[in-house]
Protein chains: 2
Amino acid sequence: MTTLLFSSPIWRNGFFTLILICTLSAVTAQTPDPDKDAVVVDRLYDQVLTDSRCYAWLETLTKDIGHRISGSVGAEKAVAWTKSVLDTMHLDSVWLQPCMVPHWVRGKAEEVLLLPSGKGHAIKLAALALGGSVGTSTAGVRAEVVEIKHWDDLERLGEAGLQGKIVFYNRPMDPTKIRTFEAYGGCVDQRVVGASRAAKYGAVGVLVRSVNLRIDDFPHTGTLHYDSAYSLIPAAAISTLAAEKLSKNLQINPKTMVSIKMHCQTLPDAPSFNVIGEIRGSERPGAYITVGGHLDSWDVGEGAHDDGAGVVQSMDVLRILLQTGYRPRHTIRCVLFMNEENGLRGGKMYAAEAIRKGEEHLCAIETDAGGFTPRGFTFDGEASVFSNFYEKIRTFQALFDPYGLKLSKGGSGADIGPLKVTKALLSGYAPDSQRYFDFHHTADDTFDKVHKRELELGAGSMAALIYLIDKYGL
Amino acid sequence: MTTLLFSSPIWRNGFFTLILICTLSAVTAQTPDPDKDAVVVDRLYDQVLTDSRCYAWLETLTKDIGHRISGSVGAEKAVAWTKSVLDTMHLDSVWLQPCMVPHWVRGKAEEVLLLPSGKGHAIKLAALALGGSVGTSTAGVRAEVVEIKHWDDLERLGEAGLQGKIVFYNRPMDPTKIRTFEAYGGCVDQRVVGASRAAKYGAVGVLVRSVNLRIDDFPHTGTLHYDSAYSLIPAAAISTLAAEKLSKNLQINPKTMVSIKMHCQTLPDAPSFNVIGEIRGSERPGAYITVGGHLDSWDVGEGAHDDGAGVVQSMDVLRILLQTGYRPRHTIRCVLFMNEENGLRGGKMYAAEAIRKGEEHLCAIETDAGGFTPRGFTFDGEASVFSNFYEKIRTFQALFDPYGLKLSKGGSGADIGPLKVTKALLSGYAPDSQRYFDFHHTADDTFDKVHKRELELGAGSMAALIYLIDKYGL
């Protein structure tokens, strides 16, 4: 029959018509078809709002598994459990990608005491050792405190003023920044590099005001980076309430003393995994679109917003796409990265493997800004390709307008950052940021702080973006 | 000196220059000056994020005064306290505008029992009488329950199926609506007119599924409207959890019985007040821009999101404008409306007085959608003037982009609705709607559900909109 068709004039007409249709399709495939795409996007949101799994999954991840710092039993359980869930989802493949991770342990709870100047009781300051910090001796560190609000003060005081002292970084977040991540960026340097900068002048310990806009009693931990040129001194975050109290005390008595006892230590690197599931593309299986969050959390609270939300949303994105009957052209991967918080080993390994195998990465989306109501996506990429990508992305804006999402240039996510060199388009899912730093890296980052619909709308938004990128390419 | 100037050629040149400048100012005053206005808008947001009072005021209103249904002691206290606060704010006038309000009282807590079919215990269903409902006799109402999901079912069953029964309206909110107010609009009719529609066919009582997207055990009260053509039968809302339970019971046993005891009653109208404060305009004091929320709440919880948030935001808008040194051209009024929930008497009185006095109302903004993170403003107005207004409003959009607010057409607010006939531009402040119906009209609408920064950003947004309307007119 095929032969007959090939030799018949009717077929030849048909052939040309076919070519014409294909050509037209290729042309029209470059820009969204507003009506049809709106229907699909709507169906994806409907699906997640009526039949999602992410909220129930988050309950298991936070309540049954709990916090899960790299190298911990919690992290191990989280790997096994998320893989077991992906295994039930009728994906084309699910696997573990090994990577070695730092293994820092807090040990017995830290104790930071504001010592009385005369008689009277010491006051306990709510504190958490910073991730990666060294511990103290059993006797602890006991010294006068010097409050630092600007890096300049450190230089000005120098060795004469800081030798043997505990440096107390007390620069607060700027409340006037509308996006709280900007305010975070404006003071997290104290936490990350404060210890070594103080050690340079002979300080014996560091306390950092928690990176939090509220005045409350939850200390916010987070990673620190030591500069090996200087002594490794112990460093802890204290709650904003404790920081206010300590600061007030120092105004009254500049010779205020504090004692710090911390039992944390860094053990040898431990084996762990990224958890990956994928739906194989029907047309370009060798080209990948990744959506992911990070599976590890800090070792307090439940890692609900940071980043349990991103984990369960990423998993549900694949489920939603399949449930609505969508079969992607490119391969869609959900990647649950290990060790974002204190090493980024998972993200680095994922990129290294992609490069080693010569994989073509079209796009990677990270959700690591909490499970709050969606506000948009930000986009980034390697300079030589980004403007073309972004031009295409802008054509999707109208489809997100009914859902209140804005597509704009901006940062993406720590885990997908290493993929930038592969010339993938990188995107950060950007939910509303007002409440994020209330919970970030604290014992208060628990399941009850996440709102079901807000979480679901995030998953729907990512499913919609992936659908559009998959359909139209970049 | 003036005479000299008038006769001098130098003056004449100066005069023409002056005219030119005035003309140019008049022309340029028609559209925003992006740079200068952005600075002012930024200053307004900075002010509210660093030195607001709204959150502390909300704590007093919710924790010290509590709920405040029209005619109650709580409402009286709220009037006196908000006036006393406005009195400290260095406004040009503060006064009480009298209005008579409905006075409905719940009395002893209602009791709704799901009765066992054989032996066994009755199960208590979490319920709240609807506002305005009649009570039951001391013995209560005890009858079989008929579940209704669509109005059509009611007509179909008719008197034969409904006579002597308790009608149970169980149409849920549609979770696929992105703006939850749309889903609310899609099922609140059951609560508002369900009692009389059931009474028409001889039903003896009504239970309504709470208008809530979550499955939880908080009943949501709200107003009902009786049609005086039919018997006034008692009506209560039951929690979504109770609704699911009752529905399941009816599937097993279609003869399931419920007993309802309610002690509510409507007393004679009581005297009350709108609370009003104003900053007199420097150029057009007889032209008004109003910002307001409603002071009354339902008689459960603390009326935190509904509408304590709107009350304290409206008060803070005036304070922020003054604090930044802004002196408005038009008169800016903060109006705390009484009786939005069950009568709208305050809103009607405010409009009636405006009309009686021939006041020119340029614009009125209502904040009655919760103290959540800002998403935008919606605008409405009398058909003959609205399109011109809206065209001007659209020129402000770019100034709100950095804050994530979208200006669009849409409803405004119940209290300011009666001002529409004065040809004022009406605007509804539109915060994110995802969490609103979790708390709306429940015992769970408490202070701790409101986020300080989200509340403040709302006040900043309204201050910015008022600044622009005041500067450029409409």
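Note that the structure is a prediction, hence the values are computed from the model and not measured. (Residues numbered from 1 in each chain as written. Chains lettered and ligands numbered in written order. Predicted model: local features only at pLDDT ≥ 70, side-chain atom pairs only at ≥ 80, totals over all residues.)

Chemist: Please explain the overall build of chain A as it appears in this structure.
Modeler: Tallying secondary structure elements over chain A gives 15 helices and 16 strands in all. When the backbone C-alpha atoms are referred to their principal axes, chain A occupies close to 105 × 40 × 40 Å. Counting across all 474 residues of chain A, residues that qualify as buried make up 53%. (Helix = DSSP H or I, 4+ residues; strand = E, 2+ residues; numbered from the N terminus. Buried ≥ 20, exposed ≤ 12 C-beta atoms within 10 Å, placed from the backbone.)

Chemist: Where do I start with the packing of helix α4 (residues 54–65) of chain A against helix α10 (residues 304–323) of chain A in this structure?
Modeler: Geometrically, a packed helix pair is captured by the angle between its two axes and the distance between the axes. Residue and element names in this part refer to chain A. The contact between α4 and α10 brings their axes to 9 Å, and the two run at 135°. Classed by the angle they form, the pair α4 and α10 counts as oblique. Along this stretch, α4 crosses α10, giving a crossing that reads as right-handed. The segment α4 lies against α10, with C54, W57, L58, L61 and T62 engaging A304, G308, A309, V311, V312, Q313, M315 and D316. Grouping the amino acids of the contact of α4 with α10 by side-chain chemistry returns nine nonpolar, three polar and one charged. (Axes fitted to C-alpha atoms, helices over the stretch in contact; angles between N-to-C directions. Parallel < 35°, antiparallel > 145°, perpendicular 65-115°, else oblique. Left-handed = near helix turned anticlockwise from the far one by under 90°. Contact = placed C-beta atoms within 7 Å. Nonpolar A, V, L, I, M, F, W, Y, C, P; charged D, E, K, R; others polar.)

Chemist: Mind showing me how you'd approach the sheet that holds strand β6 (residues 166–169) of chain B here?
Modeler: Within a beta sheet, neighbouring strands are joined by backbone hydrogen bonds and run either parallel or antiparallel to one another. Residue and element names in this part refer to chain B. Strand order across the open sheet formed by eight strands is β3-β2-β9-β5-β6-β7-β8-β4, with mixed pairing between neighbours. Two strands close off the open sheet at either side, each with one partner strand: β3 (123–125) and β4 (127–129). Direction aside, the axes of adjacent strands within the sheet are offset by 30° on average. Note: strand β5 (residues 141–148) against β6, four bridges, orientation parallel. (Pairing = 2+ DSSP bridges.)

Chemist: Looking at this structure, I do not really get helix α9 (residues 240–252) of chain A. What am I missing?
Modeler: At 3.6 residues per turn, the α-helix brings residues three or four places apart onto the same side. The first and last C-alpha atoms of α9(A) sit 19 Å apart over 13 residues, in line with the 18 Å expected at 1.5 Å per residue. Buried residues of α9(A): T240(A), A242(A), A243(A), L246(A) and N249(A), and no others. (Expected span 1.5 Å × (residues − 1).)

Chemist: How should I be thinking about the relation of the copies chain A and chain B in this particular structure?
Modeler: Each copy superposes on the other: chain A lies on chain B with an RMSD of 0.0 Å after a rotation of 180° and an axial shift of 0.0 Å. Such a combination of turn and shift is consistent with a two-fold rotation axis. When the interface residues of chain A are mapped onto chain B, 100% of them again lie at the interface, so the same face is used by both copies. (Least-squares fit on C-alpha atoms with pLDDT ≥ 70 in both.)

Chemist: Help me understand helix α3 (residues 34–51) of chain B in this model?
Modeler: Residue and element names in this part refer to chain B. Look at α3: 25 Å from first C-alpha to last across 18 residues, which is about the 26 Å you get at 1.5 Å a residue. Listed in full, the buried residues belonging to α3 are V41, R43, L44, Y45, Q47, V48 and L49. The secondary structure elements touched by the buried residues of α3 are α10 (304–323), α13 (397–400) and α15 (452–472).

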